[in-house]
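Each chain is listed here by its residues.
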Amino acid sequence: MMSFEQVAHFIGGSWVAEGEPFPSHDPVTGQVNRRVHEADSAVVDKAVRAARQAAPGWAALPVAERATWMRRLSEGIEARFDDLVAAEIADTGKPLEQTRTLDIPRGAANFRAFAEIAAQRPSEAFHLTDVLSYTVRRPLGVVAVVVPWNLPFLLMTWKLGPALVAGNTVVVKPSENTPGSAALFAQICADVGLPPGVVNVIHGYGTTGQLLVSHEGVDGVTFTGSTRTGSSIMKSVADRVKPISFELGGKNAGLVFADADLDRAVEGSVRSVFTNGGQVCLCTERLYVERPIFEEFCARLAEKAASVTPQPMISAEHREKVLSFYALARDEGAKFLTGGGAPEGPGYFVEPTVVTGLPESSRFNREEIFGPVCHVSPFDTEGEAVALANDSDYGLAATLWTTSLDRAHRVAQRLEAGLVWVNTWYLRDLRTPFGGVKLSGIGREGGTQSLDFYSEPTTITIKLESADE
Ligand code: 6OD
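This one's a predicted model, so the numbers in the text were calculated from it and none came from an experiment.

The rules we used
- Residues numbered from 1 in each chain as written.
- Predicted model: local features only at pLDDT ≥ 70, side-chain atom pairs only at ≥ 80, totals over all residues.
- Heavy atoms only, no water.
- Phe/Tyr/Trp six-rings, centres within 6.5 Å; stacked < 30°, edge-to-face > 60°.
- Helix = DSSP H or I, 4+ residues; strand = E, 2+ residues; numbered from the N terminus.
- Buried < 20%, exposed > 50% of the residue type's maximum accessible area, 1.4 Å probe, protein only.
- Pairing = 2+ DSSP bridges.
- Axes fitted to C-alpha atoms, helices over the stretch in contact; angles between N-to-C directions.
- Contact = heavy atoms within 4.5 Å.
- Near = heavy atom within 4 Å.
- Polar contact = N/O pair within 3.5 Å; in protein donor to acceptor, adjacent residues only side chain to side chain.
- Areas by Shrake-Rupley, 256 points an atom, 1.4 Å probe, with all protein chains shown as cover.
- Nonpolar A, V, L, I, M, F, W, Y, C, P; charged D, E, K, R; others polar.
- Core = buried A, V, L, I, M, F, W, Y, C linked by side-chain atoms within 4.5 Å.

Draft legend 1. Expanded view of the packing of aromatic side chains. Under the defined criterion, the tally for this structure stands at 13 aromatic pairs. Ring centres of F111 and F185 lie 5.6 Å apart, and the angle between their planes is 5 degrees; on these two criteria the pair is classed as stacked. With F111 in helix α4 (residues 96-120) and F185 in helix α6 (residues 180-192), this residue pair connects regions lying 74 residues apart in the sequence. Accessibility expressed as a relative area gives 0% for F185, which makes it buried. The interplanar angle of 70 degrees and the centroid separation of 5.3 Å between the aromatic rings of F257 and F379 together place this pair among those described as edge-to-face. Taken together, the residues span a long stretch of sequence, with F257 in the loop between β13 (252-256) and α9 (262-274) and F379 in strand β17 (residues 373-379) at a distance of 122 residues. One exposure class covers both F257 and F379, and it is buried.

Right, here's the structure in full:
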């Protein structure tokens, strides 16, 4: 049984308390809340071996049986719902309401969705007069699942659902900041009787992650997190040309046109900037507003932002990073419409902040900050708005607010982003392709795209002899 305060690895169906423990902190108080064993190369090796040993048996199961296991995992999550909520909040300081309605329910939904999608998926066949080709898909083998700290349970399960149902076994490495829900999930795997070694969970910092992804027994890597870490994983796996799926950083633009429903645009922008303390890769950090409504939009956004309840940043270090961008804005002469500081008291809180007046070339407008903050600028024409939104090294998500149907389609199709939301934000259908362009990632997750990543086709071609007439 896992302990809440002492977190061990889960390998081959057993708890393994090996490796020097490191402290993990509650972002609300800054106090140590767990001691977590750090996986060294011996532990990583043990986990990969366990996953390899389980791989043939798991891959040999009919997909319908693996789908049944996915449903059992969903039920296991629902049975431990309150404990998962508590574990996630202890590590992240997320609001209770968000954790209960988004983070943990999405865990159960991820397994259910991929059970259905995989079980219903037809195979391909190509028929010429005397030639039949068809494909069979095989799992990659052992997949390294490297998970970030911002939506730890949602993103871990988003990868595990398709990886497992496609027939892979996995070694999961959650962030060192958020080990709790992954450890509890390991207990759920044991409780529902998942075959040992199918899911293994090891803990540690980036060094553990690097040992894992570069291990020769790992056949593919899925990662969500910063572009810098993605790039360093890519280098580590280059020699063995392992398949990778990366969802990385963003510097997402929101475009607000003068014909928008202003109430909706303000409300939606507040959500898209401040949800989870701005610590979602999809959050808007650059808002562009058509000039006739610029002043009114800014005033209303600032007023609403001032009443947003601050959420802690994940760590003291991340808080410093966010505050360094507030200082940069101040040094460069930005106008603060609200916020700009950090509340007194314990924990890693910063104020929800809205600024204006910086040039596009400022680091503030070019680099991902990942905090509760956005910059607002005016624009004059639709073409200018599109150019401003696209002038970024990143291309994950964009949001546009307009009541013109024509404009919605026209602009959405010109935005260089993997995801465009119109008059909404972060509205998800788990079957749709999800991911980014440019520095925001490689590949797409979601629906059959995930299943394609976690398996490889073999094409079988048969020459048919014609029967003697
Ligand atoms: O909702 C999802 O499926 C998803 N992949 C969200 C990613 C958020 C990144 O911070």
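Draft legend 2. A look at the sheet that holds strand β20 (residues 419-422). Taken in spatial order, the seven strands line up as β15-β16-β17-β14-β13-β19-β20 in an open sheet, and their pairing is mixed. Either end of the sheet is taken by a strand with one partner, and the two such strands are β15 (335-338) and β20. Here the strands of the sheet are splayed against their neighbours by 25 degrees on average, with no regard to which way each runs. Direction of pairing for strand β14 (residues 284-290) relative to β17: parallel, over a ladder of five bridges. If you follow V289 over to β17, its bridge partner there is P378. Sheet strands in contact with helix α14 (residues 405-414) are β13, β19 (397-401) and β20, and its direction is about 160 degrees off that of β19.

Draft legend 3. Quick peek at the site of the ligand. As a matter of local geometry, the ligand sits amid R106, N150, L151, L154, L155, W158, E247, V280, C281, Y426, R428 and F434. Take R106: an N or O atom from its side chain is 2.8 Å from an oxygen atom of the ligand. Residue W158 places a side-chain N or O atom 3.4 Å away from a nitrogen atom belonging to the ligand. Here the ligand has 310 Å² of accessible area as a free molecule, and 100% of this is covered by the chains. Broken down by element, the residue count for the shell around the ligand peaks at three residues, all from helix α5 (residues 152-165). Looking at the shell around the ligand, its residues break down into eight nonpolar, one polar and three charged.

Draft legend 4. Highlighting the nonpolar core. In this structure, L164, F185 and L282 are the most contacted members of the largest nonpolar core, which totals 65 residues. Element by element, the count of residues in this core is highest for α5, at nine residues. Not counting chain neighbours up to four residues away, the residues in contact with L164 comprise W58, R66, M70, L73, F111, V170, V198 and V199. If you look at the next biggest cluster of nonpolar residues, it comprises 24 residues, including A51, V171, L212 and I244.

Draft legend 5. Highlighting the environment of A17. Examined against the element boundaries, A17 turns out to sit in the loop between β3 (14-16) and β4 (21-25). Considering only alpha carbons, one finds A17 and D239, 222 residues apart in sequence, at a separation of 32 Å. Excluding residues within four positions of it along the chain, A17 makes contact with A8 and H37.

Draft legend 6. Inspection of the sheet that holds β4 at higher detail. With mixed pairing, the three strands of this open sheet are ordered in space as β1-β5-β4. Each edge of the open sheet carries a strand with a single partner, namely β1 (6-7) and β4. The sheet contact formed by β4 and strand β5 (residues 32-37) spans five bridges and is antiparallel. Pairing of H25 across the sheet is with V32, part of β5. Along the sheet, helix α3 (residues 81-92) contacts β4 and β5; its crossing angle with β5, the most-contacted strand, is approximately 100 degrees.

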